[in-house]
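Here's the letter readout for the chains.
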Amino acid sequence: QGAVNDASSGDTVQVCPGTYDEQVVIASKNLTLQGAGATTIIQPSAPAILATLYTYPVGVLPSWVGLKLAGVILVENAGSVTVQNLKIDGANVTSLPSGATRLSGIVYGESGGQISNVTLNSIKTAGYADRTYVIDVSAGGAARSVEVDNNTINDYARTAIQLQGASLTADVHDNDITGPGAIGPANVPNGIVFIQNAVGVASDNVVHALHYTGSGSRSGGLMAFAATGGAGVVFSGNE
């Protein structure tokens, strides 16, 4: 976080191999956060490490406005941020941080850019009790574009990759998503979800191990929910 604070828009922050017990917040500047691969691990030691929360503004589902999302990497109000070549491990975040209503591995709030070659493991709370969105991207204000590619996601409670808001265009491709297996009824595991008028393409992704044990809902590998944006949503070549 210190390096991010010192960086200026356009800079690349090179993160060496190691395990980092922190939350990384990038606000209002365009940076590249570049790890060294799977040996660069961001692993908060406790829920309290995720002290900065993102508040959903108008532009997401109306019933979600004002809800607070905790993310291990939190990007807010930035036009182009790249996060790549690192690992996020949420094994120690077994409950929601104080004040949070949801948990995420990477949050892009009113932001665009690229999320690439990131491994995200165990983004969940104990017993899958709380909603978790492993990669959560939303934009309802200025137009934002995001590419989410070649990431590996393992074990979560609600949705692996969520794209939300009428100002968002997303290209989601070549991701490998492994759900939690059989869970419920508190949460229904989904793979890739376009929601609230987000538009774009999800192609050549692999989604598996989604099983819901309850009876009132259905688990979806690919979903367009309240996604009526004029440019539409295309699902192509997914397994």
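Quick caveat: nothing in here was measured; it's all calculated off a predicted structure.

Participant: Quick question: what am I supposed to make of the overall build of the protein here?
Facilitator: From N to C terminus, the protein includes one helix and 21 strands. By the compact-globule yardstick of 18 Å for 239 residues, the protein fits well, its C-alpha radius of gyration being 16 Å. The principal-axis extents of the C-alpha atoms in the protein amount to approximately 50 × 40 × 35 Å. In the protein, which comprises 239 residues, the share counted as buried stands at 51%. Summarising the internal contacts of the protein: among those between residues at least 6 apart in sequence, 76% fall at separations of at least 24. Put simply, the protein shows about 8900 Å² of open surface, and 49% of that area lies on carbon and sulfur atoms.

Participant: Would you explain the packing of aromatic side chains in this entry?
Facilitator: Any two aromatic rings considered together are summarised by their centre-to-centre distance and by the angle between their planes. According to the stated counting rule, one finds four aromatic pairs in the structure shown. Between tyrosine 54 and tyrosine 56, the ring centres sit 6.1 Å apart and the planes meet at 85°, which makes this aromatic pair edge-to-face. Like tyrosine 56, tyrosine 54 is buried. Measuring from ring centre to ring centre gives 6.1 Å for phenylalanine 194 and phenylalanine 235, while their planes differ by 70°; the resulting arrangement is edge-to-face. Here phenylalanine 194, found in strand 17 (residues 190-195), pairs with phenylalanine 235, found in strand 21 (residues 233-236); they are 41 residues apart in sequence, far enough to count as distant. The class of phenylalanine 235 is partly exposed, set by a relative accessible area of 32%. An aromatic cluster is present here, built from Tyr54, Tyr56, Trp64 and Tyr133 joined pairwise through their rings.

Participant: Explain the environment of aspartate 176 here, please?
Facilitator: Along the chain, the position of aspartate 176 falls in strand 16 (residues 176-183). Given a relative accessible area of 32%, aspartate 176 falls into the partly exposed group. When the C-alpha atoms of aspartate 176 and histidine 208 are compared, they prove to be 8.5 Å apart, with 32 residues separating the residues in sequence.

Participant: I keep staring at the nonpolar core and nothing clicks. Help me out?
Facilitator: Generally speaking, a soluble globular protein has its nonpolar side chains buried in company with each other. One finds Ile73, Ile161 and Leu163 to be the most contacted residues of the largest nonpolar core, which totals 49 residues. When sequence neighbours within four positions are dropped, the list of residues in contact with isoleucine 161 reads Ile135, Val148, Ile153, Val172, Asn175, Ile177, Gly191, Ile192 and Val193. Counting 12 residues, the second largest nonpolar core, distinct from the first, contains Val25, Tyr54, Val60 and Leu69.

Participant: How should the pattern of salt bridges be read in this particular structure?
Facilitator: Think of it this way: side chains of opposite charge can pair up when their charged atoms draw near. The tally for this structure, following the rule as stated, stands at one salt bridge. Residue aspartate 155 pairs with lysine 124 through a salt bridge whose shortest N-O separation is 2.6 Å. Placement of the pair is aspartate 155 in strand 13 (residues 152-156) and lysine 124 in the loop between strand 10 (113-123) and strand 11 (132-138), with a sequence separation of 31 residues.

Participant: What exactly am I supposed to notice about the pairing of strand 10 here?
Facilitator: Here is the key point about a regular strand: its side chains alternate between the two faces of the sheet. With respect to burial, strand 10 is a largely interior element, eight of its 11 residues being buried. Pairing of strand 10 with strand 12 (residues 144-149) involves four bridges; the strand directions are parallel. Note that in strand 12 the partner of serine 116 across the bridge is aspartate 149. As paired elements, strand 10 and strand 13 share four bridges and run parallel to each other. Bridge pairing in strand 13 links leucine 120 to isoleucine 153.

Participant: I would appreciate a short explanation of unusual backbone geometry in the present structure.
Facilitator: Across residues other than glycine, the phi torsion is negative in most instances, and most of the peptide bonds are trans. Residue proline 185 follows glycine 184 across a cis peptide bond; omega there is 0°. Looking at the secondary structure, you find proline 185 in the loop between strand 16 and strand 17. One non-glycine residue, aspartate 155, adopts positive backbone phi at about 70°. Notably, alanine 209 is not glycine yet its phi reads approximately 65°, a positive angle. Summarising the element assignment, alanine 209 is placed in strand 19 (residues 206-212).

Procedures and definitions
- Residues numbered from 1 in each chain as written.
- Predicted model: local features only at pLDDT ≥ 70, side-chain atom pairs only at ≥ 80, totals over all residues.
- Heavy atoms only, no water.
- Helix = DSSP H or I, 4+ residues; strand = E, 2+ residues; numbered from the N terminus.
- Rg over C-alpha atoms; globule rule 2.2 N^0.38 Å.
- Buried < 20%, exposed > 50% of the residue type's maximum accessible area, 1.4 Å probe, protein only.
- Contact = heavy atoms within 4.5 Å.
- Areas by Shrake-Rupley, 256 points an atom, 1.4 Å probe, with all protein chains shown as cover.
- Phe/Tyr/Trp six-rings, centres within 6.5 Å; stacked < 30°, edge-to-face > 60°.
- Core = buried A, V, L, I, M, F, W, Y, C linked by side-chain atoms within 4.5 Å.
- Salt bridge = Lys/Arg side-chain N within 4 Å of Asp/Glu carboxyl O.
- Pairing = 2+ DSSP bridges.

Such coordinate-based values are descriptive only and should not be taken to indicate function.
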